[in-house]
Amino acid sequence: MAVAATYGQLAAMNKAHLWHPFTQMKDYVNSDPLIIERGEGVKVYDVQGCSYYDGFSSVWLNVHGHNVPELNRAIEEQLGRVAHSTLLGMANVPAIELAAKLAEIAPPGLTKVFYSDAGATGVEIALKMAFQYWHNRGVRGKHSFITMKEAYHGDTIGAVSVGAIPLYHEVFRPMLFPSRIIPYPYGYRHPGGTAGAMEETLGALRDMLAAHAEETAAMIVEPIVQGAGGIIVMPEGCLREIAALCRKYGVLLIADEVATGFGRTGAMFACELEGVSPDLLVVGKGLTGGYLPVAATLATDEIYDAFYADYEERKTFFHGHSYSGNPLGCAVALASLRLMEERRTVDGVRTKAELVARKLAPLADWPHVGDIRQKGLLVGIELVRDNASKETYDWAERIGVRTSLRARELGMLTRPLGNVVVFIPPLASTEDELDEMTDILATSIRDVTEGGWDG
């Protein structure tokens, strides 16, 4: 039996060979890396025996916690049947059953399911479907897309082309197709506040559609909450108006619910909060409860029918992934959705969100807390040098990074978005656990912004 590697050995191998995503490796290799060994409930444990609350759901995707018996069993049972079988020209049982379940719970009209392995690939599929939909219908010229300022839809080339966060995307600009960008309704620093931000967004979209609808295939939006842009919450009614404008001008609407889907906002899908049914819906992250990489792009019959033709017409959607519809992933996704129904998870999110809001409300008066944004269990706290002037911290001050490091020291993991501290706990977190996590969050913010903690 092999002897387990020590922390020092693992750390050395990590620094020598592992290139981490969204991580400046020069900083990383000069630190003592956190190496996770196991998870239990809403906590993870490192190889040195320390425990941490998973305060960002392992990058926004954990639903029921870690090491969940029902989800473990679903994978084990499926593993005893078949681990993988291609969807190219054949099917497997869990992929069929999950597709039917997704069509049942999705916003009305989304009846067809195309699998992939990550949110970015799901977005890529939606973009290509939208583009080819118009081509298959014989409509020429609809080749562009509308996106929103500070949008993030993943890291494949198509997904980056409809992304609009300069820090992440600008270096790749020569590789990308151009998109038209309108503002996301961010009221905190808008001179007209929330109402003015919404008016600006809808006005810009209205003008853009009036001028360019004939050449626009689709608009893509992060519904209700813009994630990587800073957890920006849309004003009520904005998504509904966006959908109505797209319909009026004959432009498809793609809803990227990779981050917001599966209960995170207090509804199964964020679109439901405003009664919106998009033409294409992208889901991932929480789909498998946070267990395996499965994503899906849901389409209406109208989209599907544009590809449904005689073989000779060559209207097939020529796109696929080796692991599309992986049986293990689909089996655990089905188990996760069953568990959500049995435990009334979405209803629980709404109750727990009220507790979190109450706990965080006093922070609004703190001198370095600028804006607290929340929808369900998606929370972003924007830290500022002065909350009266809304002056920002300089990037080099790493205020969000330092706050997250302090939280880790106190027993909770999270990851900031610049100066925005993110709190996105597993949906299964109990009220007592949320109480402890929000205390750690508040203490971390105060220690760094007022107490001078610097690690």
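Before reading further, recall that the structure is shown in the block above.
Residues numbered from 1 in each chain as written. Predicted model: local features only at pLDDT ≥ 70, side-chain atom pairs only at ≥ 80, totals over all residues. Heavy atoms only, no water.

**Brief notes about helix α5 (residues 93-105)**
Here is step 1 of the chain: Over its 13 residues, α5 runs 19 Å from end to end, which matches the ideal 18 Å to within 8%, given 1.5 Å per residue.
Here is step 2 of the chain: Buried within α5 we find Pro94, Ala95, Leu98, Ala99, Lys101, Leu102 and Ile105. Down the axis of α5, the buried set is contained in an arc of 165 degrees. They therefore lie on one face. Exposed side of α5, more than 90 degrees from the buried face: Val93, Ile96 and Glu104 are the residues found there.
Here is step 3 of the chain: The elements touched by buried residues of α5 are α4 (69-79), β4 (110-116), β12 (295-300) and α12 (327-342). (Helix = DSSP H or I, 4+ residues; strand = E, 2+ residues; numbered from the N terminus. Expected span 1.5 Å × (residues − 1). Buried < 20%, exposed > 50% of the residue type's maximum accessible area, 1.4 Å probe, protein only. Arc of directions from axis to C-beta. Contact = heavy atoms within 4.5 Å.)

**Focus on the sheet that holds strand β11 (residues 280-283)**
Here is step 1 of the chain: Reading across from one edge, β4-β12-β11-β10-β7-β5-β6 is the order of the seven strands in this open sheet, with mixed pairing throughout. One side of each edge strand has no neighbouring strand; the edge strands of this open sheet are β4 and β6 (180-182). Taken over all neighbouring pairs, the strand axes of this sheet differ in orientation by 20 degrees on average, direction set aside.
Here is step 2 of the chain: Along the sheet, helix α9 (residues 193-212) makes contact with β5 (144-148), β6 and β7 (216-221), crossing β6 at roughly 155 degrees. (Pairing = 2+ DSSP bridges. Axes fitted to C-alpha atoms, helices over the stretch in contact; angles between N-to-C directions.)

**Looking at the pairing of strand β14 (residues 378-386)**
Here is step 1 of the chain: With seven of nine residues buried, β14 lies mostly within the body of the structure.
Here is step 2 of the chain: Note that strand β13 (residues 369-375) and β14 share six bridges and pair antiparallel. Counterpart to Arg373 in the pairing with β14 is Gly380.
Here is step 3 of the chain: Between β13 and β14, which pair antiparallel in sequence order, lie two residues; one of them, Gly376, sits at a positive phi of approximately 65 degrees.
Here is step 4 of the chain: Pairing of β14 with strand β17 (residues 420-423), which is carried by four bridges, proceeds in the antiparallel orientation.

**Some thoughts on the packing of aromatic side chains**
Here is step 1 of the chain: Summed over the entire model, instances satisfying the criterion amount to 10 aromatic pairs.
Here is step 2 of the chain: A centroid spacing of 4.9 Å and a plane angle of 75 degrees characterise the contact between Tyr133 and Trp134, whose relative ring orientation is edge-to-face. The pair formed by Tyr133 and Trp134 is uniform in burial state, with each residue classed as buried.
Here is step 3 of the chain: Counting every residue linked through ring pairs, the aromatic cluster contains Phe22, Tyr152 and Tyr168.
Here is step 4 of the chain: Positioned above the aromatic ring of Tyr304, the side-chain terminus of Lys112 is 4.6 Å from the ring centre.
Here is step 5 of the chain: Of note, Lys390 hangs over the ring of Tyr188, and the distance from its end group to the ring centre comes to 4.7 Å. (Phe/Tyr/Trp six-rings, centres within 6.5 Å; stacked < 30°, edge-to-face > 60°. Lys NZ or Arg CZ within 6 Å of the ring centre and 35° of its normal.)

**Remarks on α12**
Here is step 1 of the chain: Between the first and last C-alpha of α12 there are 22 Å, a value that for 16 residues agrees with the 22 Å anticipated at 1.5 Å per step.
Here is step 2 of the chain: The element α12 is extensively covered by neighbouring structure, given that 13 of its 16 residues are classed as buried.
Here is step 3 of the chain: Capping the start of α12 is the job of one residue whose side-chain oxygen sits 3.2 Å from the backbone nitrogen of Leu328: Asn326.
Here is step 4 of the chain: Positioned one or two residues after α12, Arg344 has a phi angle of 50 degrees, which is positive. (Polar contact = N/O pair within 3.5 Å; in protein donor to acceptor, adjacent residues only side chain to side chain.)

**What to know about the side chain of Asn326**
Here is step 1 of the chain: Among the secondary structure elements, Asn326 is positioned in the loop between α11 (301-305) and α12.
Here is step 2 of the chain: Among the polar contacts made by the side chain of Asn326, one reaches the side chain of His84 at a distance of 3.2 Å.
Here is step 3 of the chain: Contact partners of Asn326, with chain neighbours within four places excluded, come to Ala83 and His84.

**Describing a nonpolar patch on the surface**
Here is step 1 of the chain: The grouping of Ile157, Val171, Phe172 and Met175 at the surface amounts to a nonpolar patch, some 400 Å² of accessible area in total.
Here is step 2 of the chain: Along the chain, the position of Met175 falls in the loop between α8 (166-169) and β6. (Patch = residues over 30% accessible without salt bridge, like charges linked within 9 Å, V, L, I, M, F, W, Y side chains within 5 Å. Areas by Shrake-Rupley, 256 points an atom, 1.4 Å probe, with all protein chains shown as cover. Salt bridge = Lys/Arg side-chain N within 4 Å of Asp/Glu carboxyl O.)

**Some points on the nonpolar core**
As a rule of thumb, nonpolar side chains are buried together in soluble globular proteins.
Here is step 1 of the chain: Formed by 90 residues in total, the largest nonpolar core has its most connected members in Leu98, Leu102, Met219, Ile242, Phe262 and Ile381.
Here is step 2 of the chain: Here this core gets seven residues from one element, more than from any other, and that element is helix α15 (residues 431-449).
Here is step 3 of the chain: In this structure Leu102 touches Val113, Phe262, Leu287, Ala296, Leu298 and Leu337, once residues within four positions along its chain are discounted.
Here is step 4 of the chain: Listed in part, the 25 residues of the second largest apolar core include Ala159, Val162, Leu280 and Phe307. (Core = buried A, V, L, I, M, F, W, Y, C linked by side-chain atoms within 4.5 Å.)

**A few points about the side chain of Asn419**
Here is step 1 of the chain: Of note, Asn419 is situated in the loop between β16 (412-413) and β17.
Here is step 2 of the chain: Once you skip the residues sitting within four places of it in the chain, Asn419 turns out to touch Ile381, Glu382, Leu383, Thr392, Tyr393, Ile399 and Gly400.

**As for the sheet that holds strand β1 (residues 36-40)**
Here is step 1 of the chain: Sheet architecture is open: four strands sit in the order β1-β2-β3-β16, paired in mixed fashion. Of all the strands in the sheet, just β1 and β16 have a single pairing partner and so form its edges.
Here is step 2 of the chain: By the bridge criterion, three bridges tie strand β2 (residues 43-46) to strand β3 (residues 51-54) in an arrangement that is antiparallel. Note that in β3 the partner of Val44 across the bridge is Tyr52.

**Remarks on unusual backbone geometry**
Here is step 1 of the chain: Even without glycine at this site, Arg314 takes up a positive phi of about 55 degrees.
Here is step 2 of the chain: When you line up the elements, Arg314 lands in the loop between α11 and α12.
Here is step 3 of the chain: Residues other than glycine seldom take positive phi values, yet Lys390 does so here, at roughly 65 degrees.
Here is step 4 of the chain: Within the secondary structure, Lys390 sits in the loop between β14 and β15 (391-392).
Here is step 5 of the chain: Judged by relative accessible area, which is 31%, Lys390 ranks as partly exposed.

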